[in-house]
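Summary of the model geometry
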Amino acid sequence: MKKSLKAIMPVMLAATFALGGCSGGGAKGNDGSASPSAPATGSAANASAQPSKLDEAKLKLILPGDKPQRYNEVMKVLNAKLEDKIQATLDIQYIPWDSYKDQIMVKLAAGENFDFYYNGWWQNYAQVLAKGGAKDITDLFEQYAPDLYKGLTAEYVDTNKYMGKIYGIPVPGPLEYPQGYNFRSDIAEKYGYGPDNLKTVADVESFLTKALAGEKGRSGFRYNGEYTGDYQGLAFYGTQREFVPSNDYNSPGMLLNNEPKVINQFESQQYKDFLKLKQRWWNAGLIEKDSLFSKSSVTTDANSDVKTLGSFGNAPEGWLGDRIASLSKIEPGAKVDFVSMEGEGFKMISSFKAGNFTVISPDSKNPERVLMLLNLIYADKEIRDLYLYGIEGEDFIAVGDNQYKYPEGKDATKVFGNQWWMVTPWANARISANATETDKKFIAYLSDPANFQKSVIAGFDFNPDAVKSEISKVSAVVGEYRKVLESGSSSDAQLDAKYNEFIAKLKKAGVDKIIAEKQRQIDEYLKK
Amino acid sequence: MIEHKTAGYRLFQTFNYLFFASIGVCCLVPFLIVLGSSFESESVLRDQGFSLIPSQFTTFSYETVFRLNAITQSFLVSAAVTVIGTLAALFVTGLLAYPLAQREMKFRGAILGYVLVTMLFSGGLVPWYILITKYLHLKDTLWVLILPYLVNPFNMFVLKSFFETLPREIIESARIDGASHMRIFRSIVIPLSAPGLATIALFYALSYWNDWWLSLNFIESDRLVPVQLLLKKMISNLTFISSQVDTSQFIQVPSNGVQMATTIISIGPIILVYPYVQRYFVKGLTIGSVKG
C-alpha cells in the first residue's frame, strides 16, 4: 500500500498544486455562495405577528439562461416585499439554454419539487402538454390572478387554451414581425436616400449601387456564420404569407394571400425570381463575397460591423438605439434605421396565438400563491421592476414609465436582469432609453392587433407524425441546397442546373407527400 | 545499445523519426492554434479566422472568463472532486477487480456478468435521477459529484485484466509463507500494479475533472458548481444569445475567443498530470520478479 500510495501521491499533489496556483490567479470573492434562504428567516417573525396572513410559502421558479449578476442582492429586496404582500418568497433556478428542454422533462418525470417554469412552442411546450407536465388552472386563474386575467382578456386566454382547458399562462409579445431593410442611415443620407425613397427592393439596389461607387472599403450585404438562406422575406415582400408550421422556413408548404391552399414555396415563381435577384447582386458586387465563409454571429456583426451598409430582417423592437450606440463607438457618426419593405397598409397574417407561456408544475403545492405572484408582477410596478430589472439606481435607472437606462459605467453584463417574455406581457416591459423614433413606431405597430389579419387557419397545428421520414429526408436536402442557391454565388448555367437538381431531389425525398399531408390536415381542420 | 550503421537501418530510423514527428505535429498544432486564438482579438478572429500567432495580442477573452465571480470557488470544487473522487474510485475499483481476477472465487462468473450488464444497459435517465434525488437524497451535495462514478465497469475490467497478468507464482508463494488475502493485496499486488493503477487513476481523474453532466443534473447552489459546468453554462448561454437576436437585447458577445480561452483554462491543470503518470506507463512491471 505504502508504495502504491507513493505512486499516486505525486499525481494528486500535482493536481492540487496546479489547481491551487490557478485558482489563486482568478478573480477574488464569490458573492454567489450566500444562502438564498436568508431573507426567509428574517420575516418568519413578521408572519407570526400577523396571524391573519397566509402561511409561509417558498415558490420555486425554473428559467432557462444564466443566473443574472447581483441575483442575491436583488432577490433579498424582492423577497422582503413579496413576504409582506403575499407571504411568499421566490427562488429561481437557472438552467443552461441548450439543456433546458431535457432538464424540464426529467424534473417533471421525477416529480421534483418546483412550482412554475417557463416554456414556449419553440421550446417543448407541445411535449410538456402531451405528457401532463402542466397544471390545469382553469378554475384557479381568474380567482387568484384577477388583474392578469383581465389584462390578458378572456378572449386571448381562450385562444391559447389546450383541449379546452387553461394550462400555461400565455405571454403576449409581438404578433408577427414585418420584414424590411436595416440600413446605415448616415451614409444613405449622404447619397440622398432615406425612409421616404427606400420603399422597395429596387430602391435598395439603386442606393447600394450609388453608395458603393462612392464609398471605399464598404460592402452592400454580408453573410455571417449563421447564414442558411434568406428567402423568407426577400422573395415574398408585400405578399401575405404563412409558413406551416409557423416560422419554419425549411419545411416546404406555406399559404399565400391567406388562402387555405398549401404551395411548395421552393417551386414558386417568387422563389425563382428571388434566386435570380440574389445572383445579380452577387455578380454586381453588392454582396461581400468572402463573407460566405465568415464565422461571425448575427449579434457581433450587428454591434461591431461598420463596413456593411445594410441587411434585410425583422422590424426593430427597441434595439436600433443600442445598435447606434455601439456602432458609433467604432465609427463616430454611424447611424442605423429601418424601413418596412412590405408596403403601405400591408397586414401580416397572424394566428394571434402566444408563443411563450408561464407554466405551473403539476406537483406544485402552492399554485394559488404562484398565480398571486404572477398577478403582482403584472399589476404592481414596483415588484415588476424589481423582478425584471433589479434595484432602481443600482441595476437600472427608470426613464419615465416605460423606459430604462443603465447607471453610469454599467451595461447589461454587469446588472441584474430577467426576460419579460417568460412572465409578463410585452406591454409591461420597459424599453431602452436609447430607442429611436423608428423603434417606438414599430413597437407600437407590432403589438396592435389592428395591424394584423387573422389567419384562415388560426388555431391549426400541423401534426408531422404521418410524414416523419419524408420530413427528415426533405430537410436534409433543403439544408444542403438553400445556402448555396440563396447566397447568389453561382453562374447562370450553374444556377439553373443546381436549382433543377434541388427540385428533383426534393421530389425524390417525398416533398409532394408532405404538401398533400399539410393540405389534408388543413382541409380537415377547416371542415370542423 | 548496439550501434547499427547499415544504410537500411539509418533509412528506417529517419523514416521513424519523421513519421512520429509528423504525428506529434498533427497533435500539437491544433492545440497551439487554440492557444494562439485565445489571445487574439475578437474582430481579427471574425475577419481572418484562427491563427497560430495572434496578430493583435489581447487578454480580453481571459478577462471575460475570469470576470466570473464564481470561478475560484469552482476550481476548488473541481479539484476536491477530482482528488477525493479519484482516490475513492481507485480504492473501490481495486477492491472489486482483485477478487474477480482470482479464478477460484465463488460466483465469479455471475458477478462478472452483473458488472458487464451495467456496461451494456442502463436504467435510463429518469429512474437514475429519481434514485439519486428521491432515495439517496444526494441532490445538491458534494457527494453527488463523486459517488455515481465510483466504479466504471470498463476501468474495472482493465484493472482486472491487469491483475490477471501478475504471475500467480508470486501470490502462491506468499500464500505458502502464510500471508492472508488482504496482506497479499496490500503488500504484493498493489505495489506490483503501479502502472495499471496509474492508468486507471488517470482515467478517473480525467472523467471527474471533465464532468459537467452530474452537476448539470444535480447541483443547484452556486458554491458547488464545478469549473466545467460553469464554463459550459457560459458558452451555452453565449451561443444562445448570439443566435437569438430577435428576443434579446444587443450585448457585446466575445464568443470565439472566449471559447478558446475556456478550453485552455479547463485543460490547463489536468494536462500537468500526464507527465507524472507517464512514468508508470512506461515502466516495465514484473521484470525480474520471477526467476528460473
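Conventions we followed
Residues numbered from 1 in each chain as written. Chains lettered and ligands numbered in written order. Predicted model: local features only at pLDDT ≥ 70, side-chain atom pairs only at ≥ 80, totals over all residues. Heavy atoms only, no water. Helix = DSSP H or I, 4+ residues; strand = E, 2+ residues; numbered from the N terminus. Buried < 20%, exposed > 50% of the residue type's maximum accessible area, 1.4 Å probe, protein only. Areas by Shrake-Rupley, 256 points an atom, 1.4 Å probe, with all protein chains shown as cover. Contact = heavy atoms within 4.5 Å. Core = buried A, V, L, I, M, F, W, Y, C linked by side-chain atoms within 4.5 Å. pLDDT = per-residue confidence, 0-100. Phe/Tyr/Trp six-rings, centres within 6.5 Å; stacked < 30°, edge-to-face > 60°. 1 Å grid on protein atoms, 1.4 Å probe; cavity = no way out; pocket = protein on both sides within 12 Å on 5 of 7 lines; lining within 4 Å. Points joined across faces, edges and corners; volume = space filled by probe spheres on them. Nonpolar A, V, L, I, M, F, W, Y, C, P; charged D, E, K, R; others polar. Patch = residues over 30% accessible without salt bridge, like charges linked within 9 Å, V, L, I, M, F, W, Y side chains within 5 Å. Salt bridge = Lys/Arg side-chain N within 4 Å of Asp/Glu carboxyl O. Pairing = 2+ DSSP bridges. Axes fitted to C-alpha atoms, helices over the stretch in contact; angles between N-to-C directions. Parallel < 35°, antiparallel > 145°, perpendicular 65-115°, else oblique. Left-handed = near helix turned anticlockwise from the far one by under 90°. Arc of directions from axis to C-beta. Expected span 1.5 Å × (residues − 1).

Bringing the overall build of chain B into the picture now. Counting secondary structure elements, chain B contains 14 helices and 0 strands. Relative to its full complement of 292 residues, chain B shows a buried share of 43%. Only carbon and sulfur atoms are counted for the fraction: they give 68% of the accessible area of chain B, which is about 15600 Å².

Residue and element names in this part refer to chain A. Relative to the assigned elements, Asp 385 resides in helix α16 (residues 381-389). A C-alpha to C-alpha distance of 9.7 Å links Asp 385 and Leu 78, two positions 307 residues apart in sequence. With residues near it in sequence (within four places) discarded, Asp 385 still touches Gly 390, Phe 396 and Arg 430.

The next point concerns the nonpolar core. Ranked by size, the top nonpolar core spans 73 residues in total, and within it Leu 90, Ile 92, Phe 116, Tyr 117, Phe 141 and Tyr 387 of chain A carry the most contacts. Per element, the largest residue contribution to this core is 7 residues, and it comes from helix α15 (residues 367-379) of chain A. Ignoring sequence-local partners within four residues, the contact set of Phe 141 of chain A consists of Pro 146, Leu 148, Tyr 149, Leu 152, Val 157, Ile 166, Ile 169 and Leu 371 of chain A. Membership of the second largest hydrophobic core comes to 67 residues, among which are Val 115, Ile 188, Ile 190 and Val 225 of chain B.

Moving on: the confidence of the model for chain B. Residues and elements named next belong to chain B. Per-residue confidence for chain B gives a mean pLDDT of 82; residues scoring 70 or more make up 87%. Ignoring residues within four places in sequence, the model shows residues 244-252, a span with pLDDT below 50, making 22 contacts including any to other chains. Overall, residues 284-292 carries pLDDT values under 50, and its contacts beyond four positions in sequence, including any with other chains, amount to 11 contacts. Interface confidence for the predicted complex, given as ipTM, is 0.70, next to a pTM of 0.72.

Residue and element names in this part refer to chain A. In this structure the tally under the stated criterion is 50 aromatic pairs over all chains. With 5.9 Å between their ring centres and 70 degrees between their planes, Tyr 162 and Tyr 167 make a pair best called edge-to-face. Under the relative-accessibility criterion, Tyr 162 is labelled partly exposed at 27%. Taking 5.0 Å as the distance between ring centres and 90 degrees as the angle between the ring planes, the aromatic pair formed by Phe 338 and Phe 442 counts as edge-to-face. Taken together, the residues span a long stretch of sequence, with Phe 338 in strand β10 (residues 336-340) and Phe 442 in helix α17 (residues 437-446) at a distance of 104 residues. Judged by relative accessible area, which is 2%, Phe 338 ranks as buried. Look at Phe 442 and you get buried, because its relative accessible area is 5%.

This paragraph deals with empty space enclosed by the protein. All names here are of chain B. All chains considered together, the criterion is met by 4 cavities of 30 Å³ or more. Lining of the largest cavity is provided by Ser 78, Val 81, Leu 145, Tyr 208, Asp 211 and Pro 226. Taken together, the residues that form the lining of the largest cavity break down as 4 nonpolar, 1 polar and 1 charged.

Moving on, we come to a nonpolar patch on the surface. Residue and element names in this part refer to chain B. Taken together, the side chains of Val 25, Leu 28, Val 29, Phe 31, Leu 32, Leu 35, Leu 52, Ile 53, Ile 271, Leu 272 and Tyr 274 make up a nonpolar region of the molecular surface, amounting to roughly 920 Å² of accessible area. In terms of residue count, the dominant contributor to the nonpolar patch is helix α1 (residues 7-38) (6 residues). Structurally, the position occupied by Leu 35 is in helix α1. Judged by its relative accessible area of 30%, Leu 35 falls in the partly exposed class.

Turning our eyes to something else, we now look at the environment of Leu 231 of chain B. Here Leu 231 of chain B lies in helix α12 (residues 227-243). Between the C-alpha atom of Leu 231 of chain B and that of Val 258 of chain B, which follows or precedes it by 27 residues, the distance is 9.7 Å.

What follows covers the side chain of Thr 82 of chain B. Within the secondary structure, Thr 82 of chain B is located in helix α4 (residues 71-101). Apart from the residues within four sequence positions on either side, Thr 82 of chain B is in contact with Ala 205, Tyr 208 and Trp 209 of chain B.

This brings us to the sheet that holds strand β5 (residues 179-184) of chain A. Residue and element names in this part refer to chain A. The sheet built from 3 strands is open, its strands ordered β9-β5-β10 with antiparallel pairing. Two strands close off the open sheet at either side, each with one partner strand: β9 (310-314) and β10. Each strand of the sheet is rotated relative to its neighbour by a mean of 30 degrees, with strand direction disregarded. Looking at chain direction, β5 and β9 are connected through 5 bridges and run antiparallel. In the strand pairing of β9, Tyr 181 is matched with Phe 312.

Residues and elements named next belong to chain A. It is at 9 Å that the axes of helix α18 (residues 468-487) and helix α20 (residues 511-527) come closest, and there the two elements cross at 125 degrees. Comparing their axes, α20 and α18 come out oblique. Judged by the twist between their axes, the crossing of α18 over α20 is left-handed. Contact residues: α18 offers Glu 470, Ile 471 and Val 474, while α20 offers Val 511, Lys 513 and Ile 514.

Okay, the pairing of β5 of chain A next. Residues and elements named next belong to chain A. Among the 6 residues of β5, 6 are classified as buried, and the element is accordingly described as predominantly covered. In the sheet, β5 pairs with β10 via 5 bridges, with the strands oriented antiparallel. Paired with Arg 184 across the bridge in β10 is Val 336.

Residues and elements named next belong to chain B. Taken together, the buried positions of helix α8 (residues 168-176) are Ile 170, Ile 171 and Ala 174. Here the buried residues of α8 occupy an arc of 95 degrees about the axis, which is enough to place them on one side. Contacts from the buried residues of α8 go to α4 and α9 (181-192). In the stretch just after α8, Gly 178 is the one whose phi turns positive, near 95 degrees.

Moving on, we get to the packing of helix α5 (residues 108-120) of chain B against helix α7 (residues 153-165) of chain B. All names here are of chain B. In the contact formed by α5 and α7, the axes pass within 9 Å of each other and the chain directions differ by 145 degrees. Listed contacts from α7 to Arg 108, Leu 112, Val 115, Leu 116, Thr 118 and Met 119 of α5 are Pro 153, Phe 154, Met 156, Phe 157, Lys 160 and Glu 164. Considered class by class, the residues forming the contact of α5 with α7 number 8 nonpolar, 1 polar and 3 charged.

Quick look at α5 of chain B now. Residues and elements named next belong to chain B. In this model α5 runs 19 Å from its N-terminal to its C-terminal C-alpha over 13 residues, within 8% of the 18 Å that 1.5 Å per residue would give. For α5, the complete set of buried residues consists of Arg 108, Leu 112 and Val 115. Take α5 and look down its axis: the buried residues cluster within an arc of 65 degrees, on one side only. Facing away from the buried surface of α5 by more than 90 degrees, the exposed residues are Gly 109, Ala 110, Tyr 114 and Leu 120. The inward-facing, buried residues of α5 abut α4 and α7.

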